[in-house]
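Summary of the model geometry
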Amino acid sequence: MKLQTVLPGALLVLLVLAGALLSYVWTPFEVTTLDIRNKLDTPGATHWLGTDHLGRDILSMLMVGARTSIAVALVAVGIGMGVGVPLGLLAAAQRQSWVDELIMRGNDLVFAFPALLIAIMITAVFGPGAVNAIIAIGIFNIPVFARLTRGATLSLWTREFVLAARVAGKGALRISVEHLLPNITNLLIVQGTIQFSLGILAEAGLSYVGLGAQPPIPSWGRMLADSQTLITLAPHLALFPGLAIVITVLGLNLLGDGLRDWLDPRLRRER
Amino acid sequence: MLRYLVRRVVSLLATLLVASLIVFVVIEVVPGDPASYMLGMNAQPDTVAALRAELGLDQSKPARYISWLTGMLQGDFGQSYTYKTPVADMVQDRLWISLPLSLYALALSVFIAFPAGILAASRRGGVSDTAVMGFTQLGIAVPNFWFALLLVLLFAVKLGWFSAGGFAGWESGVFQAMKSLTLPAIALALPQAAILTRVMRSALLDVLGEDFMRTARAKGLSARQALLRHALRNAMIPVLTIIGLQFSFLIAGAIIIENVFFLPGLGRLIFQSIAQRDLIVVESVVMLLVFAVVMVTFLVDLAYAWVDPRLRHAHR
């Protein structure tokens, strides 16, 4: 196990998670409290990371914003896995049939729509919001998991333990769920971590252009968008939300890399 | 190769057709009537009806889909509800910013990634390798629109070397125009360069273990010569594939980056059109971007099959 990548990764992720969880019971200030007299305060003893143009405490907003980012990315990974994995299992079970072909062509089709374009279309119809961001990123995740699952389980279908299960009279569904799924769990965990970090980035991008969580719910992307016009007056407004995103994504990527090395013995040997 | 080509072309056309149907259906679900929106709250019903007829909104949905689709095939994307100008003209103007921006970013990404990837692979496990890999981790984690803000802060606000946003226009000269695209292109290129560097490095490392590399060394080439003459060429297949795939990320990224720098490209056009409920523009631009992504994937597939004959015969 590559402790030197897993450990810092896990620590960074834990830091962000802790901040998000803590915000449910305590934040230094109320995120909805406006304090115009103390607007654009630089970092100091009272407001550790300063205040924004409405006098809101940046640290508190970052903590609550972490909730938005994590929730959106996590549910989007859930959608991707929840729909993609069964589709991938089905395609592998029905390999070379029209069902397989249909699923894989459907995947190609979804790949043609970058998450941002899906989000743009959904927003054009239903208006912006965190739920639409979740749906857009979730749809984008589906083919990723479907392809991964199909590719990984295809080769398993020729293995002895699957043949044994078939001889024992188990159908494709039971074999997929009882024998194949446990075999690809490691892969799914690693890919899940990667998609989670991509989800954090995508959510930030969507809220930056106004397609994500709407005010007054704080989100890191929104905070960056608000900071843009004030960048000459208060550069710290642009600095901290960006750092929060980098810390989270970097932590998740390091964790994902480390987990992959740890869970795949071949890679452990190679590196 | 011909059979493969025919199958891929059929699949390409089917993908585009279904994609166009999805785009049309999704956008057409939109509540609210563009004609009423354009004319405002106090419009007379007969005026609204007349405008609906003028915009072709009174036709049935299937008829409108067919006319939208056949129009696009002939380069006619319809007329903007808001600006009353052909969408094709609006798109063409914006394309002259978005396309050069994406290509500029792609070129930068290649110029950064190739030397960095080669350096990391040739010094595997060394200080340079660790440093390059560290930078790529960071490059992947940094959101490009945040990086763009930092670039503005440093190069526009503090140093004053570039303007903080806006586009000089091609009529002010290629140099000025490219200058206003430079910061956006750097911001757009960073994450792509980081990904490409990693791909380049691992592709090179895969090739370095091959028998022909040992032969090359045995016949007297230095490690460096063997790497540049033999390994690099063989590592190009995965690298080119990733470059192709990155195009779709560049398109999506450009939409956001254009907003940071107030560049009047396709991205700005989409967001303006959403705000003004100019759905025909949204529909057409989304379809155009999907077309670009599908076409690039198709070309990459073809190039891949051309280079590697095994793929032509594989099921997929």
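Every value quoted in this text rests on a predicted model; they were computed, and no experiment measured them. (Residues numbered from 1 in each chain as written. Chains lettered and ligands numbered in written order. Predicted model: local features only at pLDDT ≥ 70, side-chain atom pairs only at ≥ 80, totals over all residues. Heavy atoms only, no water.)

**Thoughts on the overall build of chain A**
- Along the backbone of chain A there are ten helices and zero strands.
- Counting helices and strands in the order they occur from the N terminus, chain A gives α-α-α-α-α-α-α-α-α-α.
- By its C-alpha atoms, chain A is 75 × 45 × 30 Å across when sized along the principal axes.
- Here chain A holds 271 residues, and 54% of them are scored as buried.
- Within chain A, residue pairs in contact and separated by at least 24 positions form 70% of the contacts whose partners lie at least 6 positions apart.
- For chain A, the computed accessible surface area is about 12100 Å², with 68% contributed by carbon and sulfur atoms. (Helix = DSSP H or I, 4+ residues; strand = E, 2+ residues; numbered from the N terminus. Buried < 20%, exposed > 50% of the residue type's maximum accessible area, 1.4 Å probe, protein only. Contact = heavy atoms within 4.5 Å. Areas by Shrake-Rupley, 256 points an atom, 1.4 Å probe, with all protein chains shown as cover.)

**Considerations on the domain arrangement of chain B**
Residues and elements named next belong to chain B.
- Splitting chain B by domain gives domain 1 (2–73) and domain 2 (87–315).
- The distance between the C-alpha centroids of domain 1 and domain 2 comes to 32 Å.
- Here domain 1 and domain 2 share an interface that buries about 1800 Å² over both sides, 74% of which is from carbon and sulfur atoms.
- For the pair domain 1 and domain 2, the number of links is zero salt bridges.
- At the surface where domain 1 touches domain 2, the tally comes to zero residue pairs in polar contact (both at pLDDT 80 or more).
- Looking at the side of domain 1 that touches domain 2, the elements with two or more residues in it are helix H1 (2–28), helix H2 (34–39) and helix H4 (61–73).
- Residue contributions to the side of domain 1 that touches domain 2 peak at 14 residues, all from H1.
- Of the residues assigned to the side of domain 1 that touches domain 2, the class counts are 15 nonpolar, two polar and three charged. (Domains from an automatic or database assignment. Buried area = accessible area lost by both parts, 1.4 Å probe. Salt bridge = Lys/Arg side-chain N within 4 Å of Asp/Glu carboxyl O. Polar contact = N/O pair within 3.5 Å; in protein donor to acceptor, adjacent residues only side chain to side chain. Nonpolar A, V, L, I, M, F, W, Y, C, P; charged D, E, K, R; others polar.)

**Overview of the pattern of salt bridges**
Residue and element names in this part refer to chain A.
- This model, assessed by the stated rule, comprises eleven salt bridges over all chains.
- Where Lys-170 meets Glu-178, a salt bridge forms, and the shortest distance between an N and an O atom there is 2.8 Å.
- Residue Asp-257 is joined to Arg-260 by a salt bridge in which the shortest nitrogen-to-oxygen separation is 3.1 Å. Of this pair, Asp-257 and Arg-260 both sit in helix H9 (residues 236–263), three residues apart, which is roughly one turn of that helix.

**Points about the packing of aromatic side chains**
- Taken as a whole and assessed by the stated rule, the structure comprises seven aromatic pairs over all chains.
- Note on B:Phe167 and B:Trp170: the rings are 5.9 Å apart at their centroids and 70 degrees apart in plane angle, and the pair reads as edge-to-face.
- Within the aromatic cluster, the residues linked to one another by ring pairs are B:Phe24, B:Tyr65 and B:Trp68.
- Geometry around A:Tyr24 places A:Arg67 over its ring, the cationic atom sitting 4.1 Å from the centre.
- The lysine or arginine in question, B:Lys179, covers the ring of B:Phe162, its NZ or CZ lying 5.9 Å from the ring centre. (Phe/Tyr/Trp six-rings, centres within 6.5 Å; stacked < 30°, edge-to-face > 60°. Lys NZ or Arg CZ within 6 Å of the ring centre and 35° of its normal.)

**A look at the interface of chain A and chain B**
- Contacts between chain A and chain B engage 41 residues on the former and 45 residues on the latter.
- Across the chain A to chain B interface the summed buried area is about 3700 Å²; carbon plus sulfur atoms make up 78%.
- Between the two partners, chain A and chain B, sit one salt bridge.
- Here B:Arg198 ties to A:Asp257 by a salt bridge, and the two come within 3.3 Å at their closest N and O atoms.
- There are four residue pairs in polar contact (both at pLDDT 80 or more) connecting chain A and chain B.
- Of the residues assigned to the side of chain A that touches chain B, the class counts are 28 nonpolar, seven polar and six charged.

**Remarks on the confidence of the model for chain A**
- Confidence in the prediction of chain A, expressed as mean pLDDT, is 87, and 96% of residues score 70 or more.
- Mean pLDDT values for the elements of chain A range from 54 in helix H10 (residues 265–270) of chain A up to 94 in helix H2 (residues 58–93) of chain A. (pLDDT = per-residue confidence, 0-100.)

**A word on the environment of B:Ala303**
- Positionally, B:Ala303 belongs in helix H12 (residues 279–307).
- Counting along the chain gives 63 residues from B:Ala303 to B:Leu240, while the straight-line C-alpha distance between them is 8.9 Å.

**Quick notes on the confidence of the model for chain B**
- On average, residues of chain B score 85 in pLDDT, and 96% of them are at 70 or above.
- Taken over the whole predicted complex, pTM reads 0.87, whereas the ipTM for its chain interfaces reads 0.87.

**Quick word on helix H7 (residues 172–208) of chain A**
Residue and element names in this part refer to chain A.
- For H7, spanning 37 residues, the distance from its first C-alpha to its last is only 45 Å, which falls clearly below the expected 54 Å at 1.5 Å a residue.
- Its axis deflected by about 50 degrees at Leu-181, H7 carries its strongest bend there, up to four residues before the proline Pro-182.
- Backbone geometry just downstream of H7 places Gly-210 in the positive-phi region, at approximately 85 degrees. (Expected span 1.5 Å × (residues − 1). Bend = angle between axes of the 7 residues up to and from the residue.)

**Quick look at unusual backbone geometry**
- In this model, A:Pro215 is joined to A:Pro216 through a cis peptide bond whose omega is 10 degrees.
- Residue position: A:Pro216 is located in the loop between H7 and helix H8 (220–228).
- Its identity is not glycine, yet A:Gln96 carries a phi of approximately 65 degrees, on the positive side.
- Counting through the fold element by element, A:Gln96 comes out in the loop between H2 and helix H3 (98–111).
- You will see that B:Phe262, though not glycine, has its phi angle at about 50 degrees, which is positive.

**Some words on the side chain of B:Thr15**
- Residue position: B:Thr15 is located in helix H1.
- The contact partners of B:Thr15, leaving out residues within four places of it in the chain, are A:Leu109 and B:Val294.

**Section: the nonpolar core**
- Ranked by internal contacts, the top residues of the largest apolar core, which has 174 residues, are A:Ile120, A:Trp220, B:Leu204 and B:Val286.
- Top contributing element to this core by residue count: H12(B), with 18 residues.
- Apart from the residues lying within four places of it in its own chain, the contact partners of B:Leu204 are B:Gly117, B:Ile118, B:Ala121, B:Leu227, B:Ala231, B:Leu232 and B:Ala235. (Core = buried A, V, L, I, M, F, W, Y, C linked by side-chain atoms within 4.5 Å.)

**Here we look at the packing of helix H6 (residues 160–167) of chain A against H7(A)**
All names here are of chain A.
- Their axes nearest at 11 Å, the elements H6 and H7 cross at an angle of 165 degrees. With respect to each other, H6 and H7 are oriented roughly antiparallel. Here the hand of the crossing between H6 and H7 comes out right-handed. When H6 is examined against H7, the residues Phe-161, Val-162, Ala-165 and Arg-166 are found in contact with a partner set consisting of Ile-175, His-179, Leu-180 and Asn-183. (Axes fitted to C-alpha atoms, helices over the stretch in contact; angles between N-to-C directions. Parallel < 35°, antiparallel > 145°, perpendicular 65-115°, else oblique. Left-handed = near helix turned anticlockwise from the far one by under 90°.)

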